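For reference, the chains in residue letters:
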Amino acid sequence: MEVIPAFLLGVLVSPWFFGGAMLLLLISEYHESGWTYLLFVIAAASLMLLTGVRPQWWWLPTYPIVGLLWSFWRYRRFVAYRLEHRTKTVFGNERSVDDVVEECAINKNLDRAAYWILFWPTNMVVHATRDLWDLLIEFIKTKLAHLYQEIQDAEVEKYKAREEQ
């Protein structure tokens, strides 16, 4: 009986549980950048204190470089997604490619790019997982469509061969 409460208490005070809970809070606050920044700082500082990890000197230049590279990937995926789904508007109206290009212009999305650069660790967890999943699903759908097309082509060839006889 005492094992279960001790286990639950151990999980609740675990730095990984705390860090995970803070990460979930952080991810859920995407549109509230002030709260996101505060939660990010609290989560990072708490994890460092609880796990004993201390910042290293090379983290300072590495963090913005990785963030910048991540923002390039996210911007590419953002533009591709907007172009692919340009016909899906609230009222079912089709938007032109020029409208989407204007909407995706970097000067209209500087806040988004800054978010990707500043919060790349949490953003990467969310979007890299989603991007990889989307790419995997697209790969599977393409392969299945190819297999079905081969089946259809084979059956059509058999039918045509029977008709010619």
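Here, the structure is the one placed above.
Nothing here was measured: the structure is a model prediction, and the numbers come from that model.

Asker: Explanation requested: a negative patch on the surface in the structure shown.
Answerer: A contiguous patch of negative charge, built from Glu-150, Asp-153, Glu-157, Glu-163 and Glu-164, is present on the exposed surface. In this fold, Glu-157 is placed in helix 7 (residues 120–164). Accessibility expressed as a relative area gives 52% for Glu-157, which makes it exposed.

Asker: I tried to follow the nonpolar core on my own but got confused; where do I start?
Answerer: Side chains that are nonpolar tend, in soluble globular proteins, to be buried together. The biggest cluster of nonpolar side chains holds 10 residues, and these are Trp-70, Phe-78, Val-100, Cys-104, Ala-113, Tyr-115, Trp-116, Phe-119, Trp-120 and Ala-128. Listed by contribution, the elements that provide at least two residues to this core are helix 4 (59–84), helix 5 (97–104), helix 6 (110–118) and helix 7. Here this core takes three residues from helix 6, the largest share from any one element. What Cys-104 contacts, discounting residues up to four positions off in sequence, is Tyr-75, Phe-78, Val-79, Arg-82 and Asn-109.

Asker: So what exactly am I meant to see when it comes to the packing of aromatic side chains here?
Answerer: The geometry of an aromatic ring pair is captured by the separation of the ring centres together with the interplanar angle, meaning the angle of the planes. Across all of its chains, the model carries two aromatic pairs by this definition. By way of ring pairs, the aromatic residues Tyr-75, Phe-78 and Trp-116 are connected into one cluster.

Asker: How should I be thinking about the pattern of salt bridges in this particular structure?
Answerer: Side chains that differ in sign of charge can pair as their charged atoms come close. Under the criterion given, the structure shown has four salt bridges. Salt-bridge contacts for Arg-82 lead to Glu-103; the nearest nitrogen and oxygen are separated by 3.5 Å. In this pair, Arg-82 sits in helix 4 while Glu-103 sits in helix 5, placing the two residues 21 residues apart along the sequence. A residue is classified by how much of its surface remains accessible, and Arg-82, at 26% relative accessible area, is partly exposed. We note a salt bridge from Glu-102 to Lys-108, for which the minimum N-O separation is 3.2 Å.

Basis of the calculations
- Residues numbered from 1 in each chain as written.
- Predicted model: local features only at pLDDT ≥ 70, side-chain atom pairs only at ≥ 80, totals over all residues.
- Heavy atoms only, no water.
- Patch = residues over 30% accessible without salt bridge, like charges linked within 9 Å, V, L, I, M, F, W, Y side chains within 5 Å.
- Areas by Shrake-Rupley, 256 points an atom, 1.4 Å probe, with all protein chains shown as cover.
- Salt bridge = Lys/Arg side-chain N within 4 Å of Asp/Glu carboxyl O.
- Lys, Arg positive; Asp, Glu negative; His and termini not counted.
- Charge placed at Lys NZ, Arg CZ, Asp CG, Glu CD.
- Helix = DSSP H or I, 4+ residues; strand = E, 2+ residues; numbered from the N terminus.
- Buried < 20%, exposed > 50% of the residue type's maximum accessible area, 1.4 Å probe, protein only.
- Core = buried A, V, L, I, M, F, W, Y, C linked by side-chain atoms within 4.5 Å.
- Contact = heavy atoms within 4.5 Å.
- Phe/Tyr/Trp six-rings, centres within 6.5 Å; stacked < 30°, edge-to-face > 60°.

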